[in-house]
Amino acid sequence: MEFERKTESDVDVILLKGDMDSHTSPKARDFFAGILKEGKKKIVVDLDGVKYISSAGLATLIEVFQKMHRYGGSLKLCGMNETTKGIFEIAKLDSIFAIYETKDKAVAAFSS
Amino acid sequence: MKTSDGLIYLKIPSNKFFLGLVRKVITELAEKMDYSQEDIAKIELAVDEACTNVIQYAYTSEEKMSFKGGKDEAIEIKVNINPKRIIINISDKGKEFDFGSYKLPDITAHFKEMQIHGLGLYIIKNFMDEVNYERSSDGVNTLKLVKYIKK
């Protein structure tokens, strides 16, 4: 997996690239652990570059969501393909995560 | 495709490194059949989750992180296809799985408690048409996954 990080106004935007399965997810978990240590409160995770996600990938995102929630941070997701959306629905995670079509909408949601 | 059944056989070490390879083989097969893109994605995910469960829970040897897997720690994937359906048998010689007492988790409650174990099987059961587990007398676990082609 590859990770790109940039800041838009006061929001950290993380672009994930590659398959998120049980082999690659530990790498993503380590990457996010570094960001959460900084206590970032506004994070958008853009899944546009993720063509495949398994339950291990979901678990990683759930962990990030919960850790941020504990210190008063907020996570928003965007850029999901149809398959990924379907997996979120089946796992009933679509009602728990804040999900947006595009990165711009997700970033804008922080200031609305 | 011919009307007779086709059999594809794949054997991998118990190591997550090979999950991508398994997914490629399974999706390429499914793409040659008449499955929708949505169903191909479901089959791909179900097989990944099943193999991941074997690696994480059935086999516990520390050697599993090597490319060879531990002693006898292999996963056998037998795929039987015909124009109506795909059957994928995933076998291992690891610990027995108490499939009978497995209940689909309350995902929302799981989420709150940060317990996400069991999500893989939940996905498998939701995405495949038939899911059966058997353990043979000589200690081979087999998870059978079936997906029919929608007409």
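Because the structure is predicted, anything quoted here is derived from the model rather than measured.

### A look at the pattern of salt bridges
A side chain of one charge can pair with a side chain of the opposite charge when the charged atoms of the two come close.
Inference 1: For the structure shown, the criterion picks out 22 salt bridges over all chains.
Inference 2: The partner of B:R23 in a salt bridge is A:D19, and the shortest N-O contact between them spans 2.9 Å. Of the two residues, B:R23 sits in helix α1 (residues 19–32) while A:D19 sits in the loop between β2 (11–17) and α1 (25–37), which places them in two different chains.
Inference 3: A relative accessible area of 3% means that B:R23 is categorised as buried.
Inference 4: Between A:K85 and A:E101 there is a salt bridge, with its nearest N and O atoms 3.3 Å apart. A residue pair is termed long-range when its members are at least 10 positions apart, and A:K85 in helix α3 (residues 82–90) and A:E101 in the loop between β5 (98–100) and α4 (103–109) qualify at 16 residues.

### Overview of the side chain of B:T142
Residue and element names in this part refer to chain B.
Inference 1: Among the secondary structure elements, T142 is positioned in strand β5 (residues 141–148).
Inference 2: One polar contact links T142 to S91, side chain to side chain, over a distance of 2.9 Å.
Inference 3: If near-sequence neighbours (up to four positions away) are discounted, T142 is found in contact with N89, I90, S91, N132, Y133 and E134.

### Let's talk about the layout of surface pockets
Summary: where empty space remains is shown by rolling a probe the size of a single water molecule over the atoms.
Inference 1: By volume, the largest pocket is sized at about 770 Å³.
Inference 2: Considering the residues around the largest pocket, the lining is formed by 35 residues, among which B:T52, B:N53, B:Q56, B:Y57 and B:G118 are closest to the centre.
Inference 3: Those elements that provide at least two residues to the lining of the largest pocket are α1 and α2 (55–70) of chain A together with α2 (37–58), β3 (85–92), α4 (119–127) and β5 of chain B.
Inference 4: A total of 8 residues in the lining of the largest pocket trace back to one element, the largest contributor, which is α2(B).
Inference 5: Classifying every residue of the lining of the largest pocket by side-chain character gives 17 nonpolar, 11 polar and 7 charged.

### Considerations on the interface of chain A and chain B
Inference 1: Tallying the contact residues gives 22 residues for chain A and 24 residues for chain B.
Inference 2: When the buried area of chain A at its contact with chain B is split by residue, A:S22, A:Y52 and A:I90 rank highest and sum to 29% of it.
Inference 3: Across the contact surface, chain A and chain B share 2 salt bridges.
Inference 4: Between A:D21 and B:R23 there is a salt bridge, with the nearest N and O atoms lying 2.8 Å from each other.
Inference 5: Taken together, the connections running from chain A to chain B amount to 6 residue pairs in polar contact (both at pLDDT 80 or more).
Inference 6: The element contributing the most residues to the side of chain A that touches chain B is α2(A), with 8 residues.
Inference 7: When its residues are assigned to classes, the side of chain A that touches chain B shows 11 nonpolar, 6 polar and 5 charged.

### Here's the deal with the environment of B:F97
Inference 1: On the secondary structure map, B:F97 appears in the loop between β3 and α3 (107–112).
Inference 2: The exposure class assigned to B:F97 is partly exposed, which follows from its relative accessible area of 37%.

### Regarding the confidence of the model for chain B
Residue and element names in this part refer to chain B.
Inference 1: Averaged over all residues, the pLDDT of chain B is 85; the fraction at 70 or higher stands at 79%.
Inference 2: Averaged over each element, pLDDT in chain B is lowest for α3 (62) and highest for β5 (98).
Inference 3: For this predicted complex, the interface score ipTM comes out at 0.89, alongside a pTM of 0.89.

### A word on the packing of aromatic side chains
Residue and element names in this part refer to chain A.
Inference 1: Throughout the structure, instances matching the rule amount to 6 aromatic pairs over all chains.
Inference 2: Relative to F32, the ring of F31 has its centre 5.6 Å away and its plane inclined at 75°; by these criteria the two rings are edge-to-face.
Inference 3: Given a relative accessible area of 22%, F31 falls into the partly exposed group.
Inference 4: Residue classification places F32 among the buried positions, given a relative accessible area of 1%.
Inference 5: Aromatic pair F65 and F97: ring centres 5.1 Å apart, planes at 70°, arrangement edge-to-face.

### Examining the side chain of A:T60
Inference 1: With respect to the secondary-structure elements, A:T60 resides in helix α2.
Inference 2: A polar contact is formed between the side chain of A:T60 and the backbone oxygen of A:A56, at a distance of 2.9 Å.

### So, the environment of B:E76
All names here are of chain B.
Inference 1: Tracing the backbone shows E76 in strand β2 (residues 74–82).
Inference 2: Sequence separation between E76 and I149 is 73 residues; the distance between their C-alpha atoms is 24 Å.
Inference 3: Contacts of E76, omitting those with residues within four sequence positions, involve Y9, L10, K11, N89, I90 and S91.
Inference 4: Looking at E76, its side chain comes within polar contact range of the side chain of Y9, at 3.2 Å.

Basis of the calculations
- Residues numbered from 1 in each chain as written.
- Chains lettered and ligands numbered in written order.
- Predicted model: local features only at pLDDT ≥ 70, side-chain atom pairs only at ≥ 80, totals over all residues.
- Heavy atoms only, no water.
- Salt bridge = Lys/Arg side-chain N within 4 Å of Asp/Glu carboxyl O.
- Helix = DSSP H or I, 4+ residues; strand = E, 2+ residues; numbered from the N terminus.
- Buried < 20%, exposed > 50% of the residue type's maximum accessible area, 1.4 Å probe, protein only.
- Polar contact = N/O pair within 3.5 Å; in protein donor to acceptor, adjacent residues only side chain to side chain.
- Contact = heavy atoms within 4.5 Å.
- 1 Å grid on protein atoms, 1.4 Å probe; cavity = no way out; pocket = protein on both sides within 12 Å on 5 of 7 lines; lining within 4 Å.
- Points joined across faces, edges and corners; volume = space filled by probe spheres on them.
- Nonpolar A, V, L, I, M, F, W, Y, C, P; charged D, E, K, R; others polar.
- Buried area = accessible area lost by both parts, 1.4 Å probe.
- pLDDT = per-residue confidence, 0-100.
- Phe/Tyr/Trp six-rings, centres within 6.5 Å; stacked < 30°, edge-to-face > 60°.

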